[in-house]
Structures are given as C-alpha cells and as structure tokens.
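Notes for the structure review
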Amino acid sequence: MPQPKVEKLITAVDIGSWKVSALIAGRTDTGELAILGTGQRESRGVRRGFIADMERTELAVRETVEQAERVAGTNIEDVWVSFSGGSLVSDVVTVERDMGGYRVEQADIDDLLTTGQQGIDPDGRIVLHAQPTCFTINGKVPVKKPLGMHADLLGVDIHVVLADGAPLANLDLCVRGAYLNVNSIVASPIATGLACLSEEERDLGVALVEMGAGVTNVSLYAGGMLVGLHSIPMGASDITDDIASAFGIRRSQAERIKCFYGSAMQNPRDFREMIEIAPPHGDAAASGQAAGPNAEGGKITRAALVGVICERLNQIMTEVNAALAGMGFHSTGRQVVLTGGGAEMKGVADYAQGALGRAVRIGRPRGLSAMPEAHSGPAFATLAGLALYGASNPVDLRTMAPAPQTVHRLSTPMWWQRMIRAIKTNY
C-alpha cells in the first residue's frame, strides 16, 4: 500500500523554561497529521516563560530545529512558536449587528467580524489572538454557521488574548536569530487545550492546569472557548530546587531523584526505603558524610523526599484553587485536566484531586499519528498543540482590513450570563 503523500509541512517550536523542543509534522492527502521528526535541547536562557538570555535561547532553538530536520530528512524555514509567559490576559468581546429579519449573507458576517476587530481594546498590549468562536442569532441561540439563516440580530463572541509587547519581541528575535521565520506566536494555553481537550469538554466547561517548569498556567474553557486565564510563577523546577536545597545536592541530581523516586502521595513503605545521594562536590558521598541538613550518611528516606515535594505542591495547588475560584470555575465546570511536565510525576493526579476537590485527569497530546513514545507524555502537550494549531490555520481578525463600523459591546455580566445559559442547556 503506497504511503500517504505529504502536502504541507508544519513545524512547531515550544520554548519553555526547562526544555526547547521542536516537531516537524506533515499533513497528508488523507487529512492526517503525521510526525516526521522531533528534537529537544535543554533550555538555559528562559526564566518563568520569559527570555532571560537571548544568545543561549537562540542557540538552543537552532540546535533543536536542526536535530528535528535531520530526523525528518528535510529543511524548514517557517515555524509556529509558543509563549507561556505570565503576561497573558484573556478576554471575550461580543458584538452584534441588526439584521431586520433578513437572511444572513457572507457580507454580513464579514462586516460583523470587522466590527468586532474594531471593538478590541488592547490597552497598550499586543493582540496575540483575536478569533471568532461562537455566533448567536437574536442574542440567544448559539450557532456555528449563521450563513443563510434569518435573524433579527446577529452576534459573535470573539476570544482575545493579549500580551506585553517586549517579551513577545524578544521571543521573536530569538527565533529569527536562528534563521527561522515566525508564522505566529501562539499562547501556550490555547495550543495545549487543542491537544488535550475534546470539543465536548471545551463546550461543557473544563479547567486546564498546565504545570510547566517555571510557570503554571490555569485556563478555563466554557462554551467552546477560553474564557479565563491566570498564570502562577511556580512550577516543577521549584520542586527540583527545593529538593536540591533540602538535601544539599546538585540540581541535576535533584531532578533525577525527583523523576525516579519522587511521588506526590505518601506510602508507609517510604519511611523504610532509602535513596543514595551524592554531595555537591563529589559523585558519591564519603563514608559517614552528610550530603545535606536532612540527609545522613549520603542517604535519605523516600518519605523525606515526598515530604519536600508535597510541601511545594501544596503551595501550587492552593494558588490553582484560588485562580479557579476567581474565574468562577465552580459554576462552569466539573473536571480539571492536569498537563505539562509537572503532570508526569507519580501520584500527582490523585494529589490534585484531593487538593482541588474535583475530578482530575492527566492530559496527554492526541490527534497526531506516528508520535514517538518519548514525546507522547503531558510534557509535550503544548508542542503537539502547536502543530495542530498550525494545521488548522484558524481565522484571526488581526489579518482583516479594518473598516468603519458602529460597535455595540456587551458588558461582561451579559456575555457571561449568556455563556452560563448555553452551558446549562447542554446538560
């Protein structure tokens, strides 16, 4: 059987605080998105989602993409890039147009979207996304395709993501410095949600908690779109730093111990299980030498390790719970999807379920064929989502030519109440 023909190449580059990863995917003539090559390098120039060292970041991007190119056997020029910094702000703009009971034509939809474009107030920030997500007829009935329908009032909800300009410019410079063209910079929660969440989950209401290395992004989906976003400047690397500090060891060894022995749930056997550790200036602890204030004889109990991990997790989950409450999650959803590199820790879903009081599942990337096993975990959800985003090429109002229109913007309580009513009708 002949292999499907690749019609288009999509390259995604996820620049995180712990790693820089790249993925080259090919969209085949059958409509599937197949992985052709991947690459990964340690990230040493990013802190809390922001570029801190441009030269190191630029080098990591170049090496990562070159590795993916060698695996795929092709050269690429254009990439889709993620941004996970804490300056992201999400908003929903609702605009309406009087139709007088006539049928909706394409020109009416175009005029409405142009009106929506002018209704966006960036307030000194950069518009990262401006995407129409839901049309409404007569202010009540949500529809996906209003073309050809009769309406007295035609409306549209536009999802807008804003970000500070300077961090985006630095990210763009780093990628272009690696001799790559930037198709678009995509907010990490949007890409991750595309890879981990089903359409039904986004419609009914779900919270997505992406626990990265330096930042934990909490996003709320309802009515099919992102309606809330909050960033917490803590992540999995803080757990690593806590382990290194508590036991007086290197970060590299702390990361290894966390991955191999770490857990978010305590077990009675943990008090008997011993873990060997090395002091900071040697590969092995000398006989009788303490590797840190909480270690004896170069060994620690697994219970001590779990205690350090849970202490930081408790801080993160407390912030997550506060963010969800602030976004009204208790009235718009029932499930939490936990993803990101921090979601790979053993027992973290059970811990989060107890801490948040909600059903929690681990979100893994899906929708891509031939995904390598090493890249199929939650740590690569954003990378996979970037490829899916690039393949879908969604409508973005930023590319539309502006035209003078009268804007009728609904207040926040009005569109929020309408969203709640639409969600309740789905149950």
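What counts, and where the lines are drawn
- Residues numbered from 1 in each chain as written.
- Predicted model: local features only at pLDDT ≥ 70, side-chain atom pairs only at ≥ 80, totals over all residues.
- Heavy atoms only, no water.
- Helix = DSSP H or I, 4+ residues; strand = E, 2+ residues; numbered from the N terminus.
- Expected span 1.5 Å × (residues − 1).
- Buried < 20%, exposed > 50% of the residue type's maximum accessible area, 1.4 Å probe, protein only.
- Contact = heavy atoms within 4.5 Å.
- Salt bridge = Lys/Arg side-chain N within 4 Å of Asp/Glu carboxyl O.
- Lys, Arg positive; Asp, Glu negative; His and termini not counted.
- Polar contact = N/O pair within 3.5 Å; in protein donor to acceptor, adjacent residues only side chain to side chain.
- Phe/Tyr/Trp six-rings, centres within 6.5 Å; stacked < 30°, edge-to-face > 60°.
- Pairing = 2+ DSSP bridges.
- Axes fitted to C-alpha atoms, helices over the stretch in contact; angles between N-to-C directions.

A word on helix α3 (residues 165-177)
Its 13 residues place the ends of α3 18 Å apart at the C-alpha level, agreeing with the 18 Å of an ideal helix rising 1.5 Å per residue. For α3, every residue scored as buried is listed here: P167, L168, L171, D172, C174, V175 and G177.

Some thoughts on the environment of L23
Assignment of secondary structure puts L23 in strand β2 (residues 19-28). When its relative accessible area of 1% is taken as the criterion, L23 is described as buried. For the pair L23 and V79, spaced 56 residues apart in sequence, the C-alpha separation works out to 9.5 Å. If near-sequence neighbours (up to four positions away) are discounted, L23 is found in contact with I10, T11, A12, I35, G37, T38, L368, M371, L383 and A387.

Description of the pattern of salt bridges
This structure, assessed with the given rule, holds 16 salt bridges. We note a salt bridge from D111 to R97, for which the minimum N-O separation is 3.7 Å. Taken together, the residues D111 in helix α2 (residues 106-118) and R97 in strand β7 (residues 89-98) connect sequence positions 14 residues apart. With a relative accessible area of 24%, R97 lands in the partly exposed category. When salt bridges with common partners are traced through the structure, they connect R97, D108 and D111 into a single cluster.

Thoughts on the side chain of E210
Mapped onto the fold, E210 is located in strand β12 (residues 206-211). For the buried E210, no salt bridge exists, and the shortest N-O distance to an oppositely charged side chain is 7.9 Å, to K19. Of the polar contacts made by the side chain of E210, one reaches the side chain of S188; its length is 3.0 Å. Not counting residues within four places of it along the chain, the set of residues in contact with E210 comprises S188, P189, T192, V215, T216, N217, T339, G340 and T382.

Thoughts on the packing of aromatic side chains
As enumerated under the stated definition, the model contains two aromatic pairs in all. Centre to centre, the rings of F50 and F83 are 6.2 Å apart; their planes meet at 70°, and the pair counts as edge-to-face. In this pair, F50 sits in strand β5 (residues 50-51) while F83 sits in strand β6 (residues 78-83), placing the two residues 33 residues apart along the sequence. For F50, a relative accessible area of 28% translates into the label partly exposed. The exposure class assigned to F83 is buried, which follows from its relative accessible area of 2%. Ring plane angle 70° and centroid distance 5.8 Å describe the contact between W80 and Y389, whose orientation is recorded as edge-to-face. Residue W80 is found in strand β6, and its partner Y389 is found in helix α10 (residues 381-392); the two are separated by 309 residues along the sequence. With relative accessibility at 11%, the residue W80 sits in the buried group. With a relative accessible area of 5%, Y389 lands in the buried category.

What to know about the sheet that holds strand β8 (residues 126-137)
Ordered in space as β7-β10-β8-β9, the four strands form an open sheet in which the pairing is antiparallel. The two strands at the open ends of the sheet, each matched to only one other strand, are β7 and β9 (141-143). Between one strand and the next, the sheet's axes are offset by a mean angle of 35°, whatever the strand orientation. Taken together, the 10 bridges between β7 and strand β10 (residues 153-163) define a ladder with antiparallel strand orientation. Residue D91 lies in a different strand from β10, and its bridge partner there is V160.

Re the pairing of β10
The side chains of a regular strand alternate, first on one face of the sheet and then on the other. Of all 11 residues in β10, 10 are buried, a share of seventy percent or more. Sheet topology places β8 next to β10; 10 bridges connect them, and they run antiparallel. The residue bridging P132 from the neighbouring strand is I158, located in β10.

Quick notes on the sheet that holds β6
Spatially, five strands are ordered β3-β2-β1-β6-β11 in an open sheet, and the strand pairing comes out mixed. The sheet is open, and its two borders are formed by β3 (33-42) and β11 (181-187), each paired with just one other strand. Recorded for the sheet is a direction-independent mean angle of 20° between the axes of neighbouring strands. Looking at chain direction, β6 and β11 are connected through six bridges and run parallel. Considered in β11, the bridge of D78 is made with N181. Running over the sheet, helix α4 (residues 188-196) touches β6 and β11 and is turned about 80° from β11.

None of the figures reported here should be taken as evidence of function without further support.
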